[in-house]
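# Tertiary structure, described
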Amino acid sequence: MSTLTHTPAGTTGSRRGPLRMRGLAWLMFRQHRAMFLMVAALTVLGAVWLVYQRAASLDAVRGAGWPGRSADKVDSGVVLAIHSKLEKTVPILSALPVVLGVFCGAPLIASDQEQGTAQLATTQSVPRKRWLSYKLGTGLILVLLPTIVLGSLFTWWRAVRVFGEGDWMQGTVFDSTGPMLAALTLFTAVGGIAIGLMARRVLAAMVGTFLFAVVTQVAWSFVRPELATPRRISYPIDAEFPATLSDAVQVDNWVSTASGELFGYGTCVQEEKYEACLADKGIVNATVEYFGYDQMPAMQWTGAGILGGLSALLIAFIVVRVGRRPL
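Residues numbered from 1 in each chain as written. Predicted model: local features only at pLDDT ≥ 70, side-chain atom pairs only at ≥ 80, totals over all residues. Heavy atoms only, no water.

Attention shifts here to the overall build of the protein. On a plain count of helices and strands, the protein comes out with 12 helices and four strands. In the protein, which comprises 327 residues, the proportion classed as buried is 41%. Looking at the protein alone, contacts between residues at least 24 apart form 80% of all its contacts between residues at least 6 apart. As displayed, the protein has an accessible area near 18,100 Å², and 62% of this comes from carbon and sulfur atoms. (Helix = DSSP H or I, 4+ residues; strand = E, 2+ residues; numbered from the N terminus. Buried < 20%, exposed > 50% of the residue type's maximum accessible area, 1.4 Å probe, protein only. Contact = heavy atoms within 4.5 Å. Areas by Shrake-Rupley, 256 points an atom, 1.4 Å probe, with all protein chains shown as cover.)

Encoded structure:
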């Protein structure tokens, strides 16, 4: 004798299966699955490579006697080899804002406008602002996931002080560590979305976003030194270079009197009686204006806050424009 199993009303087999994306979430993944796969692969491969390189770098300096031997006594060849790896990694990371802005930000809305899917989606039962929120959420995931992960891992690698910091105020270093990589990429990508919204064509949006990214990089190089107030230190002109300045970025330098009066660094250098010239002017100290390495995190978070605020303004512009004008 057989019996039939009765399924209660309102219960479907699909509810017992794994959770699946539906509606706009499914549509976003379906539309941008190639981008999602590319970004996921980029993030995983980049993360594995950075973790491996950090471990290999630590093994190399430990094999050279560190930390039992001070950093300045570690074999310079070992340290230079690590520096070379760091220098090769930095340009790749610093290219992410441009690459993700052009290939993820610019086409995000422009492709839907060009193909007509934006009009189709927003004339159905989906409210325009809800469609836009999913679009922007997709864009934020695509650009923030890789940059947060890779930027954090690269910062972790560089945090080992034996590797040395060098000129950390360079854009390729400063903008690739801490929160800066994610913040700069976010601003570039949101700018690309806004450009794509106005251009309505993918190719034009990508070209415009590339130019926007280049201009942003140039403009940001002028903002970077303004993110903190440089410090000054004076020390006897014939004394050894202060350890405080070993990992600092020098902005300017002078020679000075005991009272603090400044003269150009080359003062008295051309004089035949150098010592007499210094004594006549009362010059006893060398004075250096610099950014200390300990200022770097605060400068980066300040810069990230500025870029985050600008990104919020661009998002507000996108929301207002989509709400008032037809797609």
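Below, the discussion takes up a nonpolar patch on the surface. Together, Leu 203, Val 207, Phe 210, Leu 211, Val 214, Val 218 and Phe 222 make up a nonpolar patch on the protein surface, roughly 710 Å² of accessible area in all. Inspection of the secondary structure puts Leu 211 in helix 10 (residues 202-223). (Patch = residues over 30% accessible without salt bridge, like charges linked within 9 Å, V, L, I, M, F, W, Y side chains within 5 Å. Salt bridge = Lys/Arg side-chain N within 4 Å of Asp/Glu carboxyl O.)

Before going further, it helps to examine the sheet that holds strand 4 (residues 283-291). On the basis of which strands lie adjacent, the open sheet formed by four strands has the order 1-4-2-3 and antiparallel pairing. Sheet topology places strand 1 (231-236) and strand 3 (262-264) at the edges, where each strand pairs with a single neighbour. Direction aside, the axes of adjacent strands within the sheet are offset by 40° on average. (Pairing = 2+ DSSP bridges. Axes fitted to C-alpha atoms, helices over the stretch in contact; angles between N-to-C directions.)

The subject of this paragraph is helix 10. The terminal C-alpha atoms of helix 10, which comprises 22 residues, lie 31 Å apart, in line with the 32 Å expected from a rise of 1.5 Å per residue. Among the residues making up helix 10, those that are buried are Val 202, Ala 205, Met 206, Thr 209, Ala 213, Thr 216 and Trp 220. Looking straight down helix 10, one finds its buried side chains confined to an arc of 90°; they lie on one side. Pointing more than 90 degrees away from the buried face of helix 10 are the exposed residues Leu 203, Val 215 and Phe 222. Tucked inside the fold, the buried residues of helix 10 contact helix 4 (96-105), helix 5 (107-115), helix 9 (180-199) and helix 12 (296-324). (Expected span 1.5 Å × (residues − 1). Arc of directions from axis to C-beta.)

What follows covers the pattern of salt bridges. Evaluated as defined, the whole model comprises four salt bridges. With its nearest N and O atoms 3.1 Å apart, the salt bridge here joins Asp 175 to Arg 224. Of this pair, Asp 175 sits in the loop between helix 8 (171-174) and helix 9 while Arg 224 is found in the loop between helix 10 and strand 1, placing the two residues 49 residues apart along the sequence. For Arg 224, a relative accessible area of 7% translates into the label buried.

What follows concerns the packing of helix 5 against helix 7 (residues 128-158). Where helix 5 meets helix 7, the axes come as close as 10 Å, and the angle between the chain directions of the two elements is 135°. Compared by their axis directions, helix 5 and helix 7 come out oblique. On helix 7, the residues that touch Leu 108, Ile 109 and Asp 112 of helix 5 are Trp 131, Leu 132, Lys 135, Thr 138 and Gly 139. Here the residues of the contact of helix 5 with helix 7 sort into four nonpolar, two polar and two charged. (Parallel < 35°, antiparallel > 145°, perpendicular 65-115°, else oblique. Nonpolar A, V, L, I, M, F, W, Y, C, P; charged D, E, K, R; others polar.)

Let's shift gears to the nonpolar core. Core analysis: the biggest nonpolar cluster contains 22 residues, and Cys 104, Ile 109, Leu 132 and Ile 318 have the highest contact counts within it. When contributions to this core are tallied by element, the ones reaching two or more residues are helix 1 (23-31), helix 2 (33-63), helix 4, helix 5, helix 7, helix 9 and helix 12. Ranked by the residues each element gives to this core, the list is headed by helix 9, at six residues. When sequence neighbours within four positions are dropped, the list of residues in contact with Ile 109 reads Trp 131, Leu 132, Ile 193, Leu 197 and Ile 318. (Core = buried A, V, L, I, M, F, W, Y, C linked by side-chain atoms within 4.5 Å.)

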